[in-house]
Amino acid sequence: MQLEIRPDPAEVGRARRWARSRLAGSGIEVDEPLAETLILLVSELVTNAVVHTGCPAVLRLSLPEAPQDSSTVRLEVADRSGRAPVPRCADGDATGGRGLALVDGLADRWGWTSEGAGKRIWCELDRGGEPDAAVTACGGGISAYEGFAYEAV
């Protein structure tokens, strides 16, 4: 399943609604923690594509065909920008810059690949699994995860 995304911030809300509607019939309940995490990841990756590339993008979602405890959900956002995703360390007052740190902390796996003149950023969530992340405290309410910083709220 895929959704074409225009380079418009309003598309982020549309992408979240589209992803929620795709959960029906997948065996993933909309109030299940996996669903909530998936919607947050959709929001972060689509926001990055819309805000940082200024190019149209395609959101792809691979959901399980039947309810299974060990299934994997895959989310991909492909855009036409050749710029690599750059994780940033946001300070405590910054209103942005935490998106890839959230993806890194919430997804079981994530990465990106060049694709023609653009790129594809992907992440996967294992149903019933916990993220492998080991989070260490940095002080001041900020946590670090493999070199990324984000505020735990």
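See the structure shown above.
Residues numbered from 1 in each chain as written. Predicted model: local features only at pLDDT ≥ 70, side-chain atom pairs only at ≥ 80, totals over all residues. Heavy atoms only, no water.

A. Structural detail: the overall build of the protein. For the protein, the count of helices and strands is 3 helices and 8 strands. N-terminal to C-terminal, the α/β element order of the protein is β-α-α-β-β-α-β-β-β-β-β. The burial tally for the protein puts 46% of its 153 residues in the buried class. Within the protein, contacts between residues at least 6 apart in sequence are counted, and of these 59% link residues at least 24 apart. Total accessible area on the protein stands at roughly 8,100 Å², and carbon and sulfur atoms take up 51% of it. (Helix = DSSP H or I, 4+ residues; strand = E, 2+ residues; numbered from the N terminus. Buried < 20%, exposed > 50% of the residue type's maximum accessible area, 1.4 Å probe, protein only. Contact = heavy atoms within 4.5 Å. Areas by Shrake-Rupley, 256 points an atom, 1.4 Å probe, with all protein chains shown as cover.)

B. Local environment of the sheet that holds strand 1 (residues 2-5). Pairing within the open sheet is antiparallel, and its 5 strands lie in the order 1-2-3-5-4. Two strands close off the open sheet at either side, each with one partner strand: strand 1 and strand 4 (109-115). Adjacent strand axes in the sheet meet at a mean angle of 15 degrees, parallel and antiparallel pairs treated alike. Here helix 1 (residues 11-23) sits on the sheet in contact with strand 1 and strand 2 (57-62), set at roughly 175 degrees to strand 1. (Pairing = 2+ DSSP bridges. Axes fitted to C-alpha atoms, helices over the stretch in contact; angles between N-to-C directions.)

C. Broad picture of the nonpolar core. Ile5, Leu38, Val42, Val46, Leu59, Leu61 and Leu75 are the most contacted members of the largest nonpolar core, which has 30 residues in total. Within the residue set of this core, elements represented by two or more residues are strand 1, helix 1, helix 2 (33-53), strand 2, strand 3 (72-79) and strand 5 (118-126). It is helix 2 that provides the largest number of residues to this core, a total of 10 residues. In contact with Val42, not counting residues within four places along its chain, are Ala15, Arg16, Ala19, Leu59 and Leu75. (Core = buried A, V, L, I, M, F, W, Y, C linked by side-chain atoms within 4.5 Å.)

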